[in-house]
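# Reading the structure
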Amino acid sequence: MEFSTASLLILLKIIAIDIVLSGDNAVVIAMATRRLEKHQQNKAILLGTGGAVLLRIIFAIIIVYLLKVPFVHLIGGVLLLYIAYHVLVGDDSDTEIKSSNSLSKAIGTIILADALMSLDNVVAVAGAAKGHVGMLIIGVAISIPIMIFGSKMIVKVMDKFSWIAYVGSGILAWTAAGMILEDKLVVDTLHLNSNVEIYSLSAIVTIAVLVIGYLRNRRIN
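Numbering of residues starts from 1 in each chain and follows the order in which that chain's sequence is written. Since the coordinates come from a predicted model, pLDDT governs what is reported: local features require at least 70, and pairs of side-chain atoms require 80 or more to be given and counted, while whole-chain, interface and lining totals use all residues. Each side-chain value is derived from all of the structure's non-hydrogen atoms; neither hydrogens nor water enter the calculation.

### Digging into the side chain of Asn217
- Secondary structure follows DSSP: runs of H or I at least 4 residues long count as helices, runs of E at least 2 residues long count as strands, and numbering of each begins at the N terminus. Relative to the helices and strands, Asn217 resides in helix α11 (residues 195–220).
- Polar contacts involving the side chain of Asn217 include one to the side chain of Tyr166, which spans 3.2 Å.
- Here, two residues are considered to be in contact whenever any of their heavy atoms come within 4.5 Å of each other. When near neighbours in sequence (up to four residues on either side) are disregarded, Asn217 contacts Leu88, Val89 and Tyr166. Here a polar contact is taken to be a pair of N or O atoms separated by no more than 3.5 Å, where protein atoms must pair a possible hydrogen donor with a possible acceptor and residues adjacent in sequence count only if both atoms sit in side chains.

Right, here's the structure in full:
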């Protein structure tokens with residue numbers, strides 16, 4: 001595997017997206033393990049996280065190959081735009097996670113909850129990977145441990161500096177626009193022939209998502 005500038009940028013994008021979208025997963029881990037004895041908590045976190053990483057990589061690889069199917073780029077891009085918007089405006093839905101004093105049940109809860117909650121992560125990193133399965137595996141393997149063991153710090157930083165959410169949302173929106181504009185139907189319809197046109201449209205879509213999210217947040221607050 002060659003680590004060119006382009007592939008390293010893809011890797012950094014995957015790590016950034018996964019960290020931005022994984023805050024809720026850290027909460028799941030804390031809730032699932034809070035009734036375990038201290039010596040079991042670390043074991044549950046390590047084994048549960050390991051299983052979650054493996055499942056997320058498998059799902060993401062499947063989506064990478066699905067993205068080669070016509071219209072999947074378009075559908076995935078639209079879904080990712082929706083995710084990018086909700087990174088800014090938040091999601092009021094509550095996820096109830098039951099804690100358990102059983103190590104095996106806590107591990108199972110972590111893996112299952114992560115699988116159910118990680119559709120946004122999987123779609124986003126698969127789109128950012130642009131077919132680079134190796135970069136995807138490395139990026140997810142790096143970002144999830146960072147998210148889990150540094151989750152409290154990440155949450156504090158994101159709460160203190162609200163602009164970080166806009167950076168994360170911008171990365172997601174840019175990735176989503178790229179996915180949409182790579183779909184054959186869109187290319188043929190819009191007659192996109194140059195990178196300048198693609199980058200310009202991607203920038204317009206990204207700015208639109210950020211502006212709409214900003215205006216929504218101002219109205220709510």
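Past the structure itself, the notes keep going.
### Brief notes about the environment of Ser7
- Take Ser7: it is sitting in helix α1 (residues 5–20).
- Sequence separation between Ser7 and Gly134 is 127 residues, and the spatial gap between their C-alpha atoms is 9.7 Å.

### Some thoughts on the confidence of the model for the protein chain
- Confidence of the predictor at the level of single residues is given by pLDDT, which spans 0 to 100. Overall, the predicted model of the protein chain reaches an average pLDDT of 75, with 74% of residues at or above 70.
- Looking at the elements of the protein chain, mean pLDDT is at its lowest for helix α8 (residues 151–160), recorded as 61, and at its highest for α11, recorded as 89.

### Re the nonpolar core
- The criterion is simple. A nonpolar core is a set of buried Ala, Val, Leu, Ile, Met, Phe, Trp, Tyr and Cys residues joined through side-chain atoms within 4.5 Å. Exposure classes here rest on a 1.4 Å probe applied to the protein chains alone. A residue is buried below 20% of its type maximum, exposed above 50%, and partly exposed in between. Counting residues in hydrophobic clusters, the biggest one holds 30 residues, and the most contacted among them are Ile14, Leu80, Leu136 and Leu172.
- Counting residues per element, the ones that place at least two in this core are α1, α3 (38–66), α4 (72–89), α6 (119–129), α7 (133–149) and α9 (163–182).
- No other element matches α6, which puts seven residues into this core.
- In this structure, Ile14 is in contact with Val125, Ala128, Ala129, Met135, Leu136, Gly139 and Val140, ignoring residues within four places of it in sequence.
- Among the nonpolar cores identified, the runner-up in size contains five residues, and Ala44, Leu103, Ala106 and Ile107 belong to it.

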